[in-house]
Amino acid sequence: MSHVEDELTSQPECWTRVAAEAAEHGRALPAPGERVAIVGCGTSYFMAQSAAALREGAGQGETDAFAASEFPRGRAYDRVIALTRSGTTTEVLDLLDGLKGTTRTTAVTADPATPVMSAADDVVVLDYADERSVVQTRFATTALTLLRAHLGLHTDAVVADARTALAGPLPEGLVDCTQFTFLGRGWTVGLANEAGLKMREASLSWTEAYPAMEYRHGPISVTTRGTATWALDEAPEGLAEQVRGTGALWVQGTLDPLAELVRAQRLAVAVAASRGLDPDQPRHLTRSVILTP
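Notes on the structure follow. Because the structure is a prediction, the values reported are computed rather than measured.

## Section: the environment of Cys 41
Alright, step 1. For Cys 41, the position within the fold is in the loop between β1 (36–40) and α3 (43–57).
Alright, step 2. Among all residues touching Cys 41, those that are not within four sequence positions of it are Ala 68, Thr 89, Glu 91 and Val 92.

## Overview of the sheet that holds strand β9 (residues 249–252)
Hydrogen bonds along the backbone pair up the strands of a sheet, which may run parallel or antiparallel.
Alright, step 1. Read across the open sheet, the 4 strands follow the order β7-β6-β8-β9; overall the sheet is parallel. The strands lining the two open edges of the sheet, one partner per strand, are β7 (206–211) and β9. On average, each strand axis in the sheet is inclined to that of its neighbour by 15°, with strand direction left out of account.
Alright, step 2. Sheet topology note: the strand β6 (residues 179–184)/β7 ladder contains 6 bridges and is parallel. Paired with Gly 184 across the strands is Pro 211, a residue of β7.
Alright, step 3. In this fold helix α8 (residues 188–203) packs onto β6 and β7, with an angle of close to 160° to the strand it touches most, β6.
Alright, step 4. The sheet strands contacting helix α10 (residues 257–274) are β6, β8 (227–231) and β9, and the helix crosses β8 at an angle near 160°.

## Digging into unusual backbone geometry
Alright, step 1. Phi at Leu 204 is positive, roughly 55°, even though this residue is not glycine.
Alright, step 2. Within the fold, Leu 204 resides in the loop between α8 and β7.

Rules used throughout
Each chain carries its own residue numbering, running from 1 in the direction its sequence is written. Local features in this predicted model are restricted to residues of pLDDT 70 or higher, and side-chain atom pairs are both shown and tallied only at a pLDDT of 80 or more, whereas totals for entire chains, interfaces and linings draw on every residue. Excluding hydrogens and water, the side-chain values take into account all heavy atoms of the structure. Helix and strand assignments come from DSSP, with helices taken as H or I runs of at least 4 residues and strands as E runs of at least 2, each series counted from the N terminus. Only heavy atoms enter the contact rule, under which two residues are in contact if any of them lie within 4.5 Å. A pair of strands counts as paired when DSSP detects no fewer than two bridges linking them. Axes here mean lines fitted to C-alpha atoms, for a helix over just the part in contact, with angles spanning 0 to 180 degrees between N-to-C directions.

Shown next, in the form of structure tokens:
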């Protein structure tokens, strides 16, 4: 079993633990009404997209998401939350350093022995969700579960759905597809982006991700036999029929969207195995991007 496969199967336990601890971290997380930005790189950026949409949708306050390198330095926030598994990513550390003394910052990390511990004003350490694989799975979803629980949006049903996602078979014919498109709506657009990234990282697959309503505005033109189009959330009316009409395989998510992401992680590992690839060692990638002057 690869590290990533072992780590992704532990997600229900990680989610249960972080949800139980969420109240302990309340002072480090945004209060209702605060103007908040959530930042990250790669997978963490996509989790930031989902978390921001959830918070603003819950009426907790204006919430934006940015890649750490694209943070608008001239914009005022009450708090900036940085999601960083390694705690060493250059763009995140540079941003936190630049915000010192002007904006309250919180880092959510997996490693308590890294520079981010002193770079942020508040720190939440999820060391039990750390990973050996370069490819992120459980840290990202555990960090998002923390923020969902803080908003009162996490339930035991989410964990039950994750267990279902791990136990059930993948849709027939899915592993044999050559192109994968993931669709989301609202907070699940970030999850769709992350599903696509997992497929690219672990299995070198051609993948795309879009807001579901945008799929008709051009991307569907490349959909054909050998394409799998997976809606992680409820699909717009008529879209499934349009996709099937192209000859593509349509997959409609029926579980909590975060659990659907777990199924997509499993797909990435399965496709990697079918192609003789090591999903723990994606080419050209490292655990953290650390830039030297």
